[in-house]
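Listed here are the chains, written in short residue letters.
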Amino acid sequence: MEFTFHSTWGLFSPRDIDAGSGLLIRYMQINETDVCLDLGCGYGAIGLTMAGLAAQGEVYMVDRDFVAIEYAGKNAELNGLTNCKAFLSNAFSHIPDDLKFDVIGSNLPAHVGKELLYLMLSDAKRHLKKDGRLYVVTIAGIRAFIKRNFVEVFGNYKKIKQGKAYTVALAIK
């Protein structure tokens, strides 16, 4: 799939898709009817890829930055994707409790602290359907933390792909 993205300075990796997000995009498994969440969507690279793959599904893109939400929405329109929408939410804070996902994907921010990352994983589990999949890409520095906490929260962990600087991991509810 090819997409066109517009971005701006102040958003994460505004010139092109960063290596971690690119790795996640290549290794996520998305089915045509999946309901997906791009957690921390930025200008929408991961979410729009999900929307393209889940053509008969739905994709929600959330970010705490209103500029990111504006660009994610515009990029969805620019690429003719009507099965996705972007809205403001600090992680799961504005996602309705009854909204459940087949897939949650995120390029997890390493700088937010381990406590918030743990809360995000717990909230992700709560928002996944039975057999739902959480895909994350992280920098190498928190790989062991993610493995330990996936096992603690989900009871499982699978390393999907490891590059020099990033790891894509999967947990299943």
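For the structure itself, look to the data block above.
Residues numbered from 1 in each chain as written. Predicted model: local features only at pLDDT ≥ 70, side-chain atom pairs only at ≥ 80, totals over all residues. Heavy atoms only, no water.

Trainee: Is there a simple way to think about the environment of Y27 in this case?
Mentor: Topologically, Y27 is positioned in helix 1 (residues 19-27). Residues Y27 and A72, 45 residues apart in the sequence, show an inter-C-alpha distance of 21 Å. Excluding its chain neighbours within four sequence positions, the residues that come into contact with Y27 are Y135, I160, K161 and V168. (Helix = DSSP H or I, 4+ residues; strand = E, 2+ residues; numbered from the N terminus. Contact = heavy atoms within 4.5 Å.)

Trainee: Can you help me understand the pairing of strand 7 (residues 166-172) in this one?
Mentor: On any regular strand, side chains alternate: one points to one face of the sheet, the next to the other face. The element strand 7 is extensively covered by neighbouring structure, given that five of its seven residues are classed as buried. Relative to strand 7, strand 6 (residues 158-162) is paired through four bridges, and the arrangement is antiparallel. When the sheet's bridge partners are listed, Q162 is paired in strand 7 with T167. (Buried < 20%, exposed > 50% of the residue type's maximum accessible area, 1.4 Å probe, protein only. Pairing = 2+ DSSP bridges.)

Trainee: So what exactly am I meant to see when it comes to the pattern of salt bridges here?
Mentor: Side chains that carry opposite charge are capable of pairing whenever their charged atoms lie near each other. Summed over the entire model, instances satisfying the criterion amount to six salt bridges. In this structure, K129 and D102 form a salt bridge, with 3.3 Å as the shortest nitrogen-oxygen distance. Here the residue K129 occupies a position in strand 5 (residues 128-139), and D102 occupies one in strand 4 (residues 101-107), the gap between them amounting to 27 residues. Here D102 falls in the buried class, since its relative accessible area comes to 17%. Here D131 and K130 are joined by a salt bridge, their closest N and O atoms 3.7 Å apart. What emerges from the salt-bridge pattern is a single network uniting D97, D123 and R126. (Salt bridge = Lys/Arg side-chain N within 4 Å of Asp/Glu carboxyl O.)

Trainee: Before we go on, may I ask you to explain the side chain of D63 in this structure?
Mentor: Position of D63 among the secondary structure elements: in strand 2 (residues 58-63). Buried and without a salt bridge, D63 has R64 as its closest oppositely charged side chain, separated by 5.5 Å. One polar contact links the side chain of D63 to the main-chain amide nitrogen of C41, over a distance of 3.3 Å. Looking at D63, its side chain comes within polar contact range of the main-chain nitrogen of D65, at 3.0 Å. (Lys, Arg positive; Asp, Glu negative; His and termini not counted. Polar contact = N/O pair within 3.5 Å; in protein donor to acceptor, adjacent residues only side chain to side chain.)

Trainee: How do you make sense of helix 1 when you look at a structure like this?
Mentor: Count 3.6 residues to each turn of an α-helix, and residues three or four apart come out pointing the same way. For helix 1, every residue scored as buried is listed here: G20, S21, G22, L23, L24 and I25. Structurally, helix 1 contributes buried residues whose contacts are with helix 2 (45-53), strand 4, strand 5, strand 6 and strand 7.

Trainee: Please explain the side chain of R133 as it appears in this structure.
Mentor: Mapped onto the secondary structure, R133 falls in strand 5. By relative accessible area, which is 14% here, R133 ends up buried. Reaching out from R133, the side chain makes a polar contact with the backbone oxygen of Q29 at a distance of 3.1 Å. At a separation of 2.8 Å, a polar atom in the side chain of R133 contacts the side chain of D34. Not counting chain neighbours up to four residues away, the residues in contact with R133 comprise Q29, I30, N31, D34, D102, V103, I104, L128, L170, A171 and I172.

Trainee: I keep staring at the environment of G113 and nothing clicks. Help me out?
Mentor: Tracing the backbone through its elements, the reader meets G113 in the loop between strand 4 and helix 4 (114-127). Given the relative accessible area of 24%, G113 is considered partly exposed.

Trainee: How do you make sense of the packing of aromatic side chains when you look at a structure like this?
Mentor: The final tally for this structure, using the stated rule, is four aromatic pairs. Relative to F87, the ring of Y60 has its centre 6.4 Å away and its plane inclined at 80°; by these criteria the two rings are edge-to-face. Taken together, the residues span a long stretch of sequence, with Y60 in strand 2 and F87 in strand 3 (residues 84-88) at a distance of 27 residues. Geometrically, the ring pair formed by F150 and Y157 is edge-to-face, given 6.0 Å between the ring centres and 65° between the ring planes. When its relative accessible area of 0% is taken as the criterion, F150 is described as buried. Here a set of aromatic residues connected by ring pairs shows up, and it is made of Y60, F87 and F101. (Phe/Tyr/Trp six-rings, centres within 6.5 Å; stacked < 30°, edge-to-face > 60°.)

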